[in-house]
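# Breakdown of the fold
Listed here are the chains, written in short residue letters.
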Amino acid sequence: MQTPAPVDYAKATSVADALAKLAEHGEEARVVAGGHSLLPMMKLRLARPDALIDINDIPELAGVRIEGDEIVVGAMTRHRDILDSAVLAEHYPVFREAEKVIADPIVRNRGTIGGSMCQADPASDLSAVGSALKGSAVVVGPGGSRTVALREFHQGPYETVVGPGEILTELRYPIRPGAGSAYEKVERRAGDWGVATSGVYVVVSGGVVTDCGIGLAAVGADHFCSPEGEAALIGKAPTEENLGAAAAATAASCSPHADQRGPADYKSHLAHELTLRALRRAARASQGA
Amino acid sequence: MQVNVTVNGVEHAADIEPRMLLVHFIRDELQMRGTHWGCDTSNCGACTVWVDDEPVKSCTMLAVQADGKSIATVEGLAKGGVLDPVQQGFMECHGLQCGYCTPGMMMTARALLDRNPHPSDEEIREGISGNICRCTGYKNIVAAVHWAADHPATSEVTA
């Protein structure tokens, strides 16, 4: 039987209350959101916090809304609500396509975007999407709040800029009129982490790509993105040849490791092929086709 | 730590350790053994119950997190001695072999039909993708869910 080690528990009723409880319980306290990464890690003693501060019942942390020229997604927004969000589906279908292949419907009822971002698994689909879209994260601590670019959010595998005593409260994504977006993933079986994934947006204007973002998970892409692949495409017509060159530059910028999900050369191949497929679809969508 | 929950409409109170998982609370504290405890890693779905009307895997939620919430388990599916159509469908279509996954499958199937009364094969398969049948009896499980969709009125217990 797998059971977590003894742990204190406190339910927070607001962000201020959560910060106070984190401060009260010290550095070994951890925030628990959906718990679908943290609780399994606690069962295996890979994580052993002294206290859990539960933020599930803080309504202000959940929901998708538009604020100015950004889409704001609360950290406690559950996967299922991202999958069902009309706002996200309208502006960035990449979210729905990614969510459809994250875990399974029951896990999606519970898991959250903030938890997924803070877990910072190298195969995290939403980290790839966030980096592709060049979004930002709002982190609140005792000293106030700060906004961090998602491309600087991850410090390494399972490490983020969110420090002890701090809470990730929001994810923000700039709205880009005319952008097309798409997500591609190869997984060993339904609901698994990706062997490789690629999520992109493309803006085509006047026959050329004026803006794009390429995010990848599970293939050793620094900060889940490929500025090299983006640079190879900006200013070019979205022809098969140019998209292929950008996909090749993307794959070359990744450093996948061999593991139980596959050998490195296979993952490099997937980084190329999945990026190409995502770019094709996103470019087509941006051109209204 | 004190926890108050409503399970299948009945209120329960208990004093438990914060680390106790919801599945163990239901099975060991409340002695309701209909909910099965399977893989312990939120993969298999045998422990699926509803918390505030949403299916969740109870091996990956602490019982204290359910404080003040309403839980539904497989014991609550039949109403007044009448099986839920999902239960009847599993009988009619031989939707179980060893039966280990069945409580979770049925809780997931009921939630699916509540949202989508006439799902396609594909929608059923996607809907139960978080519930693993290690007998691999999916064909009959999908048929059982179709049967329930085709017979929405509850039926008399015939077993």
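Here the structure is a predicted model, which is why all the values come from computation and not from measurement. (Residues numbered from 1 in each chain as written. Chains lettered and ligands numbered in written order. Predicted model: local features only at pLDDT ≥ 70, side-chain atom pairs only at ≥ 80, totals over all residues.)

Once that is clear, we can look at the interface of chain A and chain B. Frequently, the measure chosen for interface size is the accessible area that the parts lose on association. At the junction of the two partners, chain A supplies 23 residues and chain B supplies 23 residues. For the side of chain A that touches chain B, the elements supplying multiple residues, two or more each, are β1 (8-11), α2 (38-43) and α6 (105-108) of chain A. Grouping the constituent residues of the side of chain A that touches chain B by class yields eleven nonpolar, seven polar and five charged. (Contact = placed C-beta atoms within 7 Å. Helix = DSSP H or I, 4+ residues; strand = E, 2+ residues; numbered from the N terminus. Nonpolar A, V, L, I, M, F, W, Y, C, P; charged D, E, K, R; others polar.)

Residues and elements named next belong to chain A. The five strands are arranged β4-β5-β10-β6-β7 in an open sheet whose pairing can be described as antiparallel. Of all the strands in the sheet, the pair left with one neighbour each is β4 (64-67) and β7 (144-149). Strand after strand, the sheet turns through a mean of 25° between neighbouring axes, direction not considered. Relative to strand β10 (residues 167-174), helix α1 (residues 15-25) is tilted by about 135°, and along the sheet it contacts β6 (136-141) and β10. (Pairing = 2+ DSSP bridges. Axes fitted to C-alpha atoms, helices over the stretch in contact; angles between N-to-C directions.)

Quick look at α1(A) now. Residue and element names in this part refer to chain A. Here α1 has its buried residues at Ala18, Lys21 and Leu22. Buried residues of α1, seen end-on, are gathered within an arc of 105° and therefore sit on one face of the element. Seen from the open side of α1, the exposed residues pointing more than 90 degrees away from its buried face are Ala16 and Glu24. On the buried face of α1, the contacting elements are β1, β2 (29-32), β3 (51-54) and β10. (Buried ≥ 20, exposed ≤ 12 C-beta atoms within 10 Å, placed from the backbone. Arc of directions from axis to C-beta.)

Looking now at the domain arrangement of chain B. Residues and elements named next belong to chain B. The assigned domain composition of chain B is domain 1 (2-76) and domain 2 (82-151). Computed over C-alpha atoms, the centres of domain 1 and domain 2 are 21 Å apart. Listed per partner, the contact involves 14 residues of domain 1 and eleven residues of domain 2. The element that contributes the greatest number of residues to the side of domain 1 that touches domain 2 is strand β3 (residues 48-51), accounting for three residues. Class assignment of the residues belonging to the side of domain 1 that touches domain 2 gives a composition of seven nonpolar, seven polar and no charged. (Domains from an automatic or database assignment.)

Right, let's talk about unusual backbone geometry for a bit. Residue and element names in this part refer to chain A. Located in the positive-phi region is Arg45, a residue other than glycine, with phi close to 65°. Position of Arg45 relative to the elements: it lies in the loop between α2 and β3. Look at Arg45 and you get exposed, because 10 C-beta atoms sit within 10 Å. Even without being a glycine, Lys134 presents a positive backbone phi close to 55°. The residue Lys134 is located in the loop between α8 (125-132) and β6 in this model.

Moving on to the domain arrangement of chain A. Residues and elements named next belong to chain A. The domain boundaries assigned to chain A delineate domain 1 (8-54), domain 2 (59-174) and domain 3 (179-286). Of the residues lining the interface, 21 residues belong to domain 2; the matching set on domain 3 comes to 21 residues. Looking at the side of domain 2 that touches domain 3, the elements that each hand over two or more residues are α5 (93-99) and α8. Per-class residue counts for the side of domain 2 that touches domain 3 are twelve nonpolar, four polar and five charged.

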